[in-house]
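So you can see what is in the structure, the chains are spelled out below.
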Amino acid sequence: MKIIKVTKEYFQTEDEKVYFFEPLEKEISVEDMQKIVDANEKLVKELKDGKSSNCL
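Quick notes on the rules
Residues numbered from 1 in each chain as written. Predicted model: local features only at pLDDT ≥ 70, side-chain atom pairs only at ≥ 80, totals over all residues. Heavy atoms only, no water. Pairing = 2+ DSSP bridges. Helix = DSSP H or I, 4+ residues; strand = E, 2+ residues; numbered from the N terminus. Phe/Tyr/Trp six-rings, centres within 6.5 Å; stacked < 30°, edge-to-face > 60°. Buried < 20%, exposed > 50% of the residue type's maximum accessible area, 1.4 Å probe, protein only.

Novice: Help me out: how do you make sense of the pairing of strand 2 (residues 10-13) in this one?
Specialist: Within a regular beta strand, the side chains point alternately toward one face of the sheet and then the other, so they alternate between its two faces. Of the pairings in the sheet, the one linking strand 1 (residues 3-6) to strand 2 comprises 3 bridges and is antiparallel in character. Bridged to isoleucine 3 within strand 2 is threonine 13. The antiparallel pairing of strand 1 with strand 2 creates a hairpin that spans 3 residues between the two strands. Pairing analysis gives 3 bridges linking strand 2 to strand 3 (residues 17-19), with the strands arranged antiparallel. Each residue of the ladder has a partner; that of glutamine 12, found in strand 3, is lysine 17. As consecutive antiparallel partners, strand 2 and strand 3 are separated by 3 residues.

Below, the structure is given as structure tokens:
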């Protein structure tokens, strides 16, 4: 997911706006938000892969 804009209230990808549960205290850079999203996507993928192998 590629981040294109970050505000205190939401971050925007190419496809959608994702609103934060609570507004941020300060705006963060697009690069920092991209790092957060990439790390979260990696964790989700690892969890999904781990769950599917445990179910067998």
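After presenting the structure, the write-up continues.
Novice: Honestly, the packing of aromatic side chains in this entry has me stumped. Any pointers?
Specialist: Working definition: an aromatic ring pair is given by the centre-to-centre distance plus the angle between the planes. For the coordinates displayed, the defined rule picks out 2 aromatic pairs. Taking the centre distance of 5.3 Å and the plane angle of 50° together, the rings of tyrosine 10 and tyrosine 19 count as tilted. Classification of tyrosine 10 by relative accessible area gives buried; the value is 11%. Look at phenylalanine 11 and phenylalanine 20: their rings are 5.8 Å apart centre to centre, the planes differ by 45°, and that puts the pair in the tilted class.

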